[in-house]
Amino acid sequence: LDFVNKEYCDVQNIDGGTYISVIDGLENNVYLYQLDGRKLIDRSFEGGKKCMLNVKDSKLVLTTIVDNYLIQYYLNQ
């Protein structure tokens, strides 16, 4: 796994899939994994404190906090 200091972790079931979101508290990055440990997306996303995944317009959306702003990343799978 890519993170060093797990600050926050969330597990969500969306559209029949189970996803794990992990925030690295040292790097302030969000990492996304499938239930079997494989990366959902082959990169990290800037973010901290909390994160969650949801679906909008048939796309997976990562919501997190960056510099006290709510940020949403639309993800291509």
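Everything quoted here is computed from the prediction, not taken from an experiment.

Draft legend 1. Expanded view of the pattern of salt bridges. In the structure shown here, the tally under the stated rule is two salt bridges. Put simply, Asp42 and Lys39 hold a salt bridge, and the shortest N to O gap is 3.4 Å.

Draft legend 2. Geometry of the side chain of Gln12. On the secondary structure map, Gln12 appears in strand β1 (residues 6-14). Beyond its immediate chain neighbours, meaning those up to four positions away, Gln12 contacts Gly17, Thr18, Tyr19, Met52 and Leu53.

Draft legend 3. Up close: the sheet that holds strand β2 (residues 17-24). Pairing within the open sheet is antiparallel, and its four strands lie in the order β1-β2-β3-β4. On the outer flanks of this sheet lie β1 and β4 (45-46), each paired with one strand and no other. In the sheet, β1 pairs with β2 via eight bridges, with the strands oriented antiparallel. Note on β2: the bridge partner recorded for Cys9 is Val22.

Draft legend 4. Structural view of the nonpolar core. Core analysis: the biggest nonpolar cluster contains 15 residues, and Val30, Leu32, Phe45, Leu53, Leu62 and Leu75 have the highest contact counts within it. When contributions to this core are tallied by element, the ones reaching two or more residues are β2, β3 (29-34), β5 (48-56), β6 (59-66) and β7 (69-75). In terms of residue count, β6 provides more of this core than any other element does, three residues in total.

Conventions adopted
Along each chain, the written sequence defines residue order, and numbers are assigned to residues from 1. Local features in this predicted model are restricted to residues of pLDDT 70 or higher, and side-chain atom pairs are both shown and tallied only at a pLDDT of 80 or more, whereas totals for entire chains, interfaces and linings draw on every residue. The side-chain numbers reported here are obtained from all heavy atoms of the structure, hydrogens and water having been left aside. Salt bridges are identified by distance alone: a Lys or Arg side-chain nitrogen within 4 Å of an Asp or Glu carboxyl oxygen. A helix here means a DSSP run of H or I that spans at least four residues, while a strand means a run of E at least two residues long, and both kinds are numbered starting from the N terminus. Between two residues, a contact is recorded if the distance between any of their heavy atoms is within 4.5 Å. Pairing between two strands is assigned when DSSP locates at least 2 bridges connecting them. Only buried residues count toward a nonpolar core. Its members are Ala, Val, Leu, Ile, Met, Phe, Trp, Tyr and Cys residues joined through side-chain atoms within 4.5 Å. Relative accessibility thresholds used throughout: buried, under 20% of the residue-type maximum; exposed, over 50%; partly exposed, between the two (1.4 Å probe, protein chains only).

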